[in-house]
Amino acid sequence: MRSFAFISLVITLAACGNAAQQPEHKNDSAAADTVPVFLLKQDTVKKTIELPAELIPYETAELFAKVQGFVRSMKVDLGDRVKKGQTLAVIEAPEINSRLAESEAALQSAKAKWASSRDNYERLYRASQAKTPGIVAPVDLERSRNLMLADSSTYIAASKQSQSYKEVSGYLYITAPFDGIITARKADPGALVGTNAMLLTVQNNRTLRLRAAVPEIYTAAASPSKNIDFRVDAYPTQRFKATLTRKSETIDPGTRTELWEFQVDNSDHLLKAGSFAYVKLPLERGTTSFIVPFAAVATTQERKFVIRVHQGQAEWVDVRQGMTVDAGIEIFGNLSPGDTLLKKATDERKPGSPGLWTLK
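Below, the structure is looked at part by part.

**Observations concerning the overall build of the chain**
A count of helices and strands for the chain gives 3 helices and 21 strands. Every one of the 360 residues in the chain was classed for burial, and the buried ones make up 34%. Put simply, of all contacts in the chain between residues at least 6 apart along the chain, 76% involve residues at least 24 apart. Taken as a whole, the chain presents about 22500 Å² of accessible surface, with 52% of it coming from carbon and sulfur.

Following this line, the structure appears as structure tokens:
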């Protein structure tokens, strides 16, 4: 038994000695910091955006009664198409007709009086030119001339007054200011109306205005082509054409947008004024710019920047953001073509830090 225990002890000590002789391998070298980078290139930014818009009539007018009276007749109704100058409604105001008749009578009286005084003056004037002196006293000739001039002024005043009453009587007839369609009717025959009573609304919807509010960032990047297309909810599978005709040339401080107006031919009357639309607006930057991946731009509370590799070290470069496209973000800053930028910028990578820059 003692021999067996001694042999076991010897084997155990030998095993411990072999374990102590084996060296311990340690990985003292740190893993390399591999950072993917890319080379900056110039490109022309092109994109298409879809903006909400509104269709409005090319012309619209709310027609009011110009004088107080009763509606004698309404010659049109909702949805009727009218022509310029067409009579739409007739107002009845007896006092206006009476004043017109009085003015016409006063005009005829003034005209007769002026004709009589003019004839008298002309007779005296011819008599004064006779060879026989003293037939007409100079004072009588002058008096008849002054009377003729006074009657002439009275006649002119009566003529002007009569003309004004004729124009007022024309207010009894409400006519269409342009070709269009009746979109509202607010009075019926027999209704008492005044100068503040709206009778009808006329709209010219043969041509429509399409108005879209374009964000400020896109106002300088419009495509050279003025032709665009748009869609409306009423015809989800159909697209319509429009032409850019005018811009507001000012930025609305409330929305930071510029109003662009397009003209739409609606001769087939498919589109309805007042509808919402969705405009496809092609954009194209007039000059080349830099486009980088979205992750290449870092944003903090103080700044927006990309990280450039300069002399083997990281360098922060402040940038301004432009348009976004499928490929990334348009940026502006102190950059040059061929600069090496990090694909993923973060404020954790401090300026001056080294790295194993890997072009991918």
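What follows continues from the structure just given.
**Re the pairing of strand β18 (residues 313-325)**
In terms of strand pairing, strand β17 (residues 304-310) meets β18 through 6 bridges, oriented antiparallel. Counterpart to Ile307 in the pairing with β18 is Trp316. Adjacent in sequence and paired antiparallel, β17 and β18 are bridged by 2 residues, among which Gln311 carries a positive phi angle near 55 degrees. One ladder, built from 5 bridges, connects β18 with strand β19 (residues 328-333); its direction is antiparallel. Bridging from a neighbouring strand, Val325 pairs with Gly328 of β19. As consecutive antiparallel partners, β18 and β19 are separated by 2 residues.

**Remarks on the pattern of salt bridges**
Under the defined criterion, the tally for this structure stands at 14 salt bridges. For Arg211, the salt bridge goes to Glu261, with nearest N and O atoms at 2.6 Å. Residue Arg211 is found in strand β10 (residues 198-215), and its partner Glu261 is found in strand β13 (residues 257-265); the two are separated by 50 residues along the sequence. Of the residues examined, Arg211 reaches a relative accessible area of 33% and is grouped as partly exposed.

**Some thoughts on the environment of Val71**
Relative to the assigned elements, Val71 resides in strand β4 (residues 69-74). For the pair Val71 and Ile91, spaced 20 residues apart in sequence, the C-alpha separation works out to 4.6 Å. Not counting residues up to four positions away in its chain, the partners in contact with Val71 are Val90, Ile91, Ala187, Asp188, Pro189, Gly190, Ala191 and Val193.

**So, unusual backbone geometry**
A positive phi angle, near 55 degrees, is found at Arg256, a position not held by glycine. The partly exposed category is assigned to Arg256, whose relative accessible area is 39%. The backbone phi angle of Gln311 is positive, close to 55 degrees, even though this residue is not glycine. Mapped onto the elements of the fold, Gln311 is located in the loop between β17 and β18. Judged by its relative accessible area of 74%, Gln311 is exposed.

**Regarding the sheet that holds strand β9 (residues 192-193)**
What the 4 strands build is an open sheet, ordered β7-β6-β4-β9; its pairing is antiparallel. What marks the edges here is a single partner per strand, and that holds for β7 (173-175) and β9. Bridge analysis of β4 against β9 gives 2 bridges, and the strand direction is antiparallel. Counted as the bridge partner of Phe70 is Leu192 from β9.

**Section: the packing of aromatic side chains**
Overall, the coordinates contain 5 aromatic pairs when judged by the stated rule. Among the aromatic side chains, those forming a connected cluster through ring pairs are Phe230, Tyr235 and Phe240. Cation over ring: Arg209 sits above Tyr58, and NZ or CZ is 4.2 Å from the ring centre. A cation over an aromatic ring shows up here: Lys247 above the ring of Trp260, its NZ or CZ 4.2 Å from the ring centre.

**Thoughts on the pairing of β4**
With 4 bridges connecting them, β4 and strand β6 (residues 87-92) associate as antiparallel partners. Each residue of the ladder has a partner; that of Met74, found in β6, is Ala89.

**Things to note about the environment of Asp119**
Locating Asp119 in the fold gives a position in helix α2 (residues 94-128). For Asp119, a relative accessible area of 33% corresponds to the partly exposed category. Along the backbone, Asp119 and Met148 are 29 residues apart, and their C-alpha atoms lie at a distance of 8.7 Å. Side chain to side chain, Asp119 and Arg123 meet in a polar contact 3.0 Å long.

Scoring rules and cut-offs
- Residues numbered from 1 in each chain as written.
- Predicted model: local features only at pLDDT ≥ 70, side-chain atom pairs only at ≥ 80, totals over all residues.
- Heavy atoms only, no water.
- Helix = DSSP H or I, 4+ residues; strand = E, 2+ residues; numbered from the N terminus.
- Buried < 20%, exposed > 50% of the residue type's maximum accessible area, 1.4 Å probe, protein only.
- Contact = heavy atoms within 4.5 Å.
- Areas by Shrake-Rupley, 256 points an atom, 1.4 Å probe, with all protein chains shown as cover.
- Pairing = 2+ DSSP bridges.
- Salt bridge = Lys/Arg side-chain N within 4 Å of Asp/Glu carboxyl O.
- Phe/Tyr/Trp six-rings, centres within 6.5 Å; stacked < 30°, edge-to-face > 60°.
- Lys NZ or Arg CZ within 6 Å of the ring centre and 35° of its normal.
- Polar contact = N/O pair within 3.5 Å; in protein donor to acceptor, adjacent residues only side chain to side chain.

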